[in-house]
Amino acid sequence: MNIVSVIPFAKNMSKEVLTYFTKQDVSIGDVVSIPLRKKTVRALVVSVSPLADSISAIRKTDFALRKITKVYGPAFIAPGFLGGATMLGEYISSGVGDILNALLPKHFTALSSIFSDYKIVIPVAKPNIKTEVLAFQAPLSDRLGFYKTFIREVFARKESILFCFPTEHDIDVFRSSLEKGIVTYIYTLTGKLTEKQVVETVRAIIENPHPVVIFTTPSYMFIPRSDIATFVVEH
């Protein structure tokens with residue numbers, strides 16, 4: 001028996017951490033189905049502990065724990081993403097649920113089911129790998145020229161690259177300038193896409209064996225292709 005803390009993904013409902021129990025195998029980062037008020041909603045698991053470790057805390061509560069109804073499997077976000085959301089919440093005095101609801105797209109739960117089906121394993125970054133944070137200030141034409149060359153260098157290293165833009169208009173401008181010769185490897189994710197379009201695009205990103213270029217607005221920066229080695233944040 002495990003005691004599980006979750007964050008529900010539901011509008012007009014609590015976005016804070018809630019506690020349930022389950023006899024099923026469950027891990028941090030899994031998507032589960034929970035009873036919440038008079039509805040059943042999906043939620044993200046943020047902690048798991050054996051019942052024996054939580055007995056004293058449970059005895060002090062004035063409510064009965066409810067049971068998780070179903071475990072869907074891993075969501076498509078790395079544990080580090082959850083850790084980052086927790087740190088951000090503490091920094092700005094906000095709940096983890098509020099942070100995740102702000103960071104993740106509205107089609108998150110639908111995509112979680114797909115990622116669970118594919119059994120994608122997101123690699124944990126190795127501590128000996130160094131990262132670089134670079135600021136590139138130049139006119140638009142110079143940046144576009146640099147990106148054209150850089151994308152091909154990234155592909156030559158068998159790596160993918162993700163560009164994050166503040167607006168869909170920015171994506172249109174950059175894509176039209178950079179897609180020549182690599183259009184079959186470029187994917188766009190924005191808030192204007194329907195759930196079906198998002199699912200099809202994410203599936204294509206996952207299944208394409210060739211390195212890819214992803215143009216997206218901030219809510220899709222978590223896309224878990226393990227070969228994404230460069231993130232470009234424009235504007």
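Calculation rules
- Counting from 1, residues in each chain are numbered in the order their sequence is written.
- Under the rules for a predicted model, residues below a pLDDT of 70 receive no local features and side-chain atom pairs below 80 are neither given nor counted, while totals for whole chains, interfaces and linings still include all residues.
- Just so you know, side-chain values use all the structure's heavy atoms and leave hydrogens and water out.
- Burial classes follow relative accessibility: with a 1.4 Å probe on protein chains only, a residue under 20% of its type's maximum area counts as buried, one over 50% as exposed, and anything between as partly exposed.
- Under the DSSP-based scheme used, a helix requires at least four consecutive residues in state H or I and a strand at least two consecutive residues in state E, with every element numbered from the N terminus.
- Between N-to-C directions, angles span 0 to 180 degrees; the directions come from axes that are lines fitted to C-alpha atoms, helices contributing only their stretch in contact.
- Here is the rule for angles: anything less than 35 degrees is roughly parallel, anything more than 145 is roughly antiparallel, 65 through 115 is roughly perpendicular, and the remaining ranges are oblique.
- Crossings are classed by handedness, with left-handed meaning an anticlockwise turn of the near helix from the far one by less than a right angle and right-handed meaning a clockwise turn.
- Residue contacts are counted whenever heavy atoms from the two residues lie within 4.5 Å of one another.
- The residue classification treats Ala, Val, Leu, Ile, Met, Phe, Trp, Tyr, Cys and Pro as nonpolar and Asp, Glu, Lys and Arg as charged. All others, Gly included, are polar.
- Here a pair means two rings of Phe, Tyr or Trp (six-membered ring of Trp) with centres within 6.5 Å. Their orientation is stacked below 30 degrees between planes, edge-to-face above 60, and tilted elsewhere.

Could you give an account of unusual backbone geometry, with specific residues and numbers?
We note that Lys-158 has phi near 60°; this positive angle belongs to a residue other than glycine. For Lys-158, a relative accessible area of 67% translates into the label exposed. A positive phi angle, close to 60°, is found at His-235, a residue other than glycine. Within the element layout of this structure, His-235 appears in the segment after strand S10 (228–233).

Describe the packing of helix H5 (residues 140–156) against helix H6 (residues 168–178), listing the residues and the values that go with them.
Look at H5 against H6: their axes get within 10 Å of each other, and the N-to-C directions meet at 55°. Here H5 is positioned oblique relative to H6, judged by the angle of their axes. Seen from above, H5 lies across H6 with right-handed handedness. In this structure, H5 contributes Leu-140, Arg-143, Leu-144, Tyr-147, Lys-148 and Ile-151 to the contact, and H6 contributes Val-173, Phe-174, Ser-177 and Leu-178. Class assignment of the residues belonging to the contact of H5 with H6 gives a composition of seven nonpolar, one polar and two charged.

Tell me about the packing of aromatic side chains, and please be specific about residues and values.
Here the structure, examined in full by the defined rule, presents ten aromatic pairs. Consider the rings of Tyr-147 and Phe-163, whose centres lie 5.1 Å apart with planes at 80°: the pair is edge-to-face. One end of the pair, Tyr-147, is in helix H5; the other, Phe-163, is in strand S7 (residues 160–164), and 16 residues separate them in sequence. In terms of burial, Tyr-147 and Phe-163 fall into one category: buried. With 6.1 Å between their ring centres and 10° between their planes, Phe-163 and Phe-165 make a pair best called stacked.

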